[in-house]
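The lines below spell out each chain.
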Amino acid sequence: VDQLDHFLSHDWQTSRWLKYLALLVLFNSRPAAIATFVVSVSVGVVYSVLGLRGGIQLTLFADLAFFIIFCFWQRLRRCILRRPVMVFMDKLCIAQHDERLKEAGILGIAAFLKCSKRLTILWSPQYFARLWCTFEVATFLNQGQTKNIDIIPVGMSLLLILLALHMKFQAMSIHWSLHIQQFEVAESSFFDNLLIIFLESLLMLPLILYIGIGLMKEVDELPEQLQTFQVRKTKCFCCTSKHQHPKSGATLPCDRRAVYKQLRDWYSEDGKSSKTAALDSFDHHVRDDLASSVMRSIGGGWYVTYSMTLIYAALMPLNSLWINEAFAGPSGGDVQLEGEEQLRWVIRCSIRLAHQPVLAVLTLWLYMAMCKAGVILTYGCSRMAAALILLVPLLIVEFLFKMPVEFFMRITDDTSLIPVIPFAFSLALSLILWWMTTWSVGVDARTRAATSGMRGARERGEVKEKEFAKQLDAYGWDRGVSHKSMDSAEKESDTESQGTLHI
């Protein structure tokens, strides 16, 4: 091919299963959500037109569609669109069976990067501590393509899938509880089902909170990690193994020497600058340009988009049930409605359909807020203790978010519009929280990007110290901590550079 759509950059220490899930979410979650929506609506309409009355089994069609598209969309895309997404991944695209071909592939990474539209980083906390990961970023930065860099935390995929499964189980259980009469089950079973929901929450929520708090803490540390970046402190396999293969005992060529040489060619003025000056220039480039690009990427709400996609997709299969119920009428069609009563019944069914995206927004905001609170709690206790502390308030707030509409649907007459009141309140709250979430994320990203740029200008002498401190105060940053961390990092860098390899 002449051009690649994505160059996947990752470190080899991170779990391959986490990276696999991250790729499924990145490339397949949106098509899977669209397919789920189409199938759920189609099944509901077809069953209704044919006069069939469906139950929980109606959701299986949409669930199956989601699973197939989520896992196999790229293969299906090749058959349908005839144009697969072209991606470079080192483990698959660089020969592993022949050392000569392997070396040639590694040396050609720069050429692959130049032919790639986007650099997609499967980020983990150790990513920017690896030399080759740094080199891939350097190659892309050298082309001036900072706007085409996406950073995806690999831990996010597992968190989203667990949260989607939790929402799926609760939605199905609530639906079953509200329609127990149709299956001639005792009335007390409604409360038994709520007990099952409560027990499932006790099992799932601590795990979700534990993973979410850890992920939120890692993402919060990313800006500081970028702002104190030093290529001299990165690690590579050859130097860690003392240039001797741990299994075969063969001598390993020094990757650091080759990378430093390339960085000197790219980041020195007319090739005359020293190696130290070139590496310092690259460090500043990462701290300024890459940090700003990363913060803008996070500010764009990529995690909000994928979170909403998976959470809403978990609820979409219920569309089949609501549509089928709307066509059939109250009590499975035993009660015939006309005129205004029919309109009221349709409105009630429409509330069920519209309540799903509202629940997705409320759920996303709630778990984001709880995970942020958990990060604060970890300064005084362990992560697991923080998750357990937040469990009770999370259960209470989640119950208040989800149950009012369903509760009024259950206790009111089939033609009553009283459920419109709690739904309108939930809708208004979700719109406010959605605006607050996207606005706060965007402001935080722009603030971090701006301060990152000012910090780089201050280091180059373009901004005076007093002006730099004044601007940090204006953005509400702790200039003492950030300033000290940068200065200490620079001193460590200067000390270590005395023992580095000269080119």
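Everything numeric here is computed off the predicted structure, so don't read it as measured data. (Residues numbered from 1 in each chain as written. Predicted model: local features only at pLDDT ≥ 70, side-chain atom pairs only at ≥ 80, totals over all residues. Heavy atoms only, no water.)

*Asks:* Quick one: what's the story with the layout of surface pockets, residue by residue and with numbers?
*Replies:* Leftover empty space is mapped by rolling, across the atoms, a probe with the size of a water molecule. The volume enclosed by the largest pocket comes to roughly 1200 Å³. Looking at the largest pocket, it is lined by 33 residues, and the ones nearest its centre are Lys102, Ile106, Trp132, Phe237 and Asp255. Considering each element in turn, the lining of the largest pocket owes the most residues, five residues, to helix α4 (residues 99–107). Tallied by class, the residues present in the lining of the largest pocket amount to 17 nonpolar, six polar and ten charged. The computed volume of the second largest pocket comes to approximately 1000 Å³. Lining the second largest pocket we find 25 residues, and of these Leu8, Tyr20, Leu23, Met89 and Leu92 sit closest to its centre. (1 Å grid on protein atoms, 1.4 Å probe; cavity = no way out; pocket = protein on both sides within 12 Å on 5 of 7 lines; lining within 4 Å. Points joined across faces, edges and corners; volume = space filled by probe spheres on them. Helix = DSSP H or I, 4+ residues; strand = E, 2+ residues; numbered from the N terminus. Nonpolar A, V, L, I, M, F, W, Y, C, P; charged D, E, K, R; others polar.)

*Asks:* How would you summarise the sheet that holds strand β1 (residues 4–9) if you had to cite specific residues and measurements?
*Replies:* Spatial strand order, β2-β1-β3-β4: four strands in an open sheet with parallel pairing. Each edge of the sheet is formed by a strand with only one pairing partner; in this case those strands are β2 (87–88) and β4 (149–153). Summarising the sheet, β1 and β2 pair through two bridges and their orientation is parallel. Counterpart to phenylalanine 7 in the pairing with β2 is phenylalanine 88. Helix-sheet contacts for helix α1 (residues 16–49) involve β1, β2, β3 (116–123) and β4, and the interaxial angle to β3 is about 135°. This element, helix α6 (residues 131–142), spans β1, β3 and β4 of the sheet and lies at about 150° to β3. (Pairing = 2+ DSSP bridges. Contact = heavy atoms within 4.5 Å. Axes fitted to C-alpha atoms, helices over the stretch in contact; angles between N-to-C directions.)

*Asks:* Residue-level account of the packing of helix α14 (residues 340–377) against helix α15 (residues 383–411), with values.
*Replies:* Relative placement of two packed helices is described by the angle separating their axes and the distance separating the axes. For the pair α14 and α15, interaxial distance at closest approach is 10 Å and the crossing angle is 165°. Relative to α15, the element α14 lies roughly antiparallel. In the crossing of α14 with α15, the sense of the turn from one axis to the other is right-handed. (Parallel < 35°, antiparallel > 145°, perpendicular 65-115°, else oblique. Left-handed = near helix turned anticlockwise from the far one by under 90°.)

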